[in-house]
Amino acid sequence: MTEFNKLCKQFEQMDALTYTAILAEKSLKIVPALSAITENDVDGVALFAGFIVGAVVADGDLSVEEFAITFPLFKAFFGDEISYEDCNYIVRSMRSESKQLNKYVDYMVDAFGQLSEELKDDIIIVCLMICAIDGKVSLKEKQWIKRLIK
């Protein structure tokens with residue numbers, strides 16, 4: 001089994017409390033670093049939200065577990081009135097617009113290439129955790145993560 005698959009298994013078996021603690025810790029480092037790179041707090045949050053949405057959309061489904069973990073970010077990004085149904089609609093819309101989704105993924109991969117190795121590692125961990133929160137990192141989700149790594 002590759003190191004990547006072992007890491008996927010670790011995150012698939014992680015409890016919700018540990019998920020929340022790690023995501024909070026990583027987010028507190030990632031958002032300011034992205035804001036510094038973009039020289040704009042809003043762009044830093046938007047870029048981080050893009051990585052999160054990319055991880056959620058990777059398999060085309062938004063599980064209740066993914067929503068519960070990502071809700072604070074969705075709320076910060078989309079506003080107080082965002083619901084599971086709203087987010088699920090966004091995910092389904094992005095999935096149905098495969099051309100648009102591919103453009104979006106290309107943009108995220110390009111942005112990712114400009115980051116420090118430490119920041120890349122933190123973002124990969126967060127994205128992988130988002131993918132694993134429902135207990136399984138699907139093939140499509142693995143492909144999304146691997147695309148970021150390359």
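Structure first, text after, so check above.
To start, this report covers the structure provided alongside it. Values in this document were obtained by computation on a predicted structure and should not be read as measured data.

**Examining the packing of helix H7 (residues 117-132) against helix H8 (residues 139-149)**
Running from amino to carboxyl end, H7 crosses H8 at an angle of 175°, the nearest separation of the two axes being 10 Å. Our classification of the angle between H7 and H8 gives roughly antiparallel. Along the contact surface, H7 presents Ile124, Cys127, Leu128 and Cys131, while H8 presents Glu141, Trp144, Ile145, Leu148 and Ile149. Taken together, the residues of the contact of H7 with H8 break down into eight nonpolar, no polar and one charged.

**Quick word on helix H1 (residues 3-12)**
Taken together, the buried positions of H1 are Phe4, Cys8, Phe11 and Glu12. Down the axis, H1 shows its buried residues gathered within 100° of arc, on one side only. In H1, the exposed positions that point more than 90 degrees away from the buried face belong to Glu3 and Gln10. Against the buried residues of H1 lie helix H2 (16-38), H7 and H8.

**Some words on the nonpolar core**
Within the largest apolar cluster, 40 residues are counted, with the highest numbers of intra-cluster contacts made by Leu34, Phe51, Ile123, Cys127, Ile130 and Ile145. Secondary structure elements with two or more residues in this core: H1, H2, helix H3 (41-57), helix H4 (64-78), helix H5 (84-96), helix H6 (98-112), H7 and H8. Not counting residues within four places of it along the chain, the set of residues in contact with Ile130 comprises Leu23, Ile52, Ala55, Val56, Glu66, Ile69 and Thr70.

Definitions and cut-offs
- Along each chain, numbering runs from 1 in the same order as the chain's sequence is written.
- Selection of residues for local features in this predicted model requires a pLDDT of at least 70, selection of side-chain atom pairs for listing and counting requires 80 or more, and totals for whole chains, interfaces and linings are taken over all residues.
- Values reported for side chains reflect all heavy atoms of the structure, with hydrogen atoms and water molecules removed beforehand.
- Every axis corresponds to a line fitted to the C-alpha atoms, with the helix fit spanning only the stretch in contact, and the corresponding angles, defined between N-to-C directions, vary from 0 to 180 degrees.
- The helix and strand labels rest on DSSP assignments: H or I over at least four residues marks a helix, E over at least two residues marks a strand, and numbering proceeds from the N terminus.
- Put simply, angles under 35 degrees are roughly parallel, angles over 145 are roughly antiparallel, angles from 65 to 115 are roughly perpendicular, and the rest are oblique.
- Any two residues having at least one pair of non-hydrogen atoms within 4.5 Å are treated as being in contact.
- Classification used: nonpolar for Ala, Val, Leu, Ile, Met, Phe, Trp, Tyr, Cys and Pro, charged for Asp, Glu, Lys and Arg, polar for all others including Gly.
- For each residue, the accessible area found with a 1.4 Å probe, counting protein chains only, is set against the maximum for its type, and the residue is called buried under 20%, exposed over 50%, and partly exposed in between.
- It is the directions from the helix axis to the C-beta atoms whose arc is reported.
- Joining through side-chain atoms within 4.5 Å is the link that ties buried Ala, Val, Leu, Ile, Met, Phe, Trp, Tyr and Cys residues into a set, and such a set is a nonpolar core.

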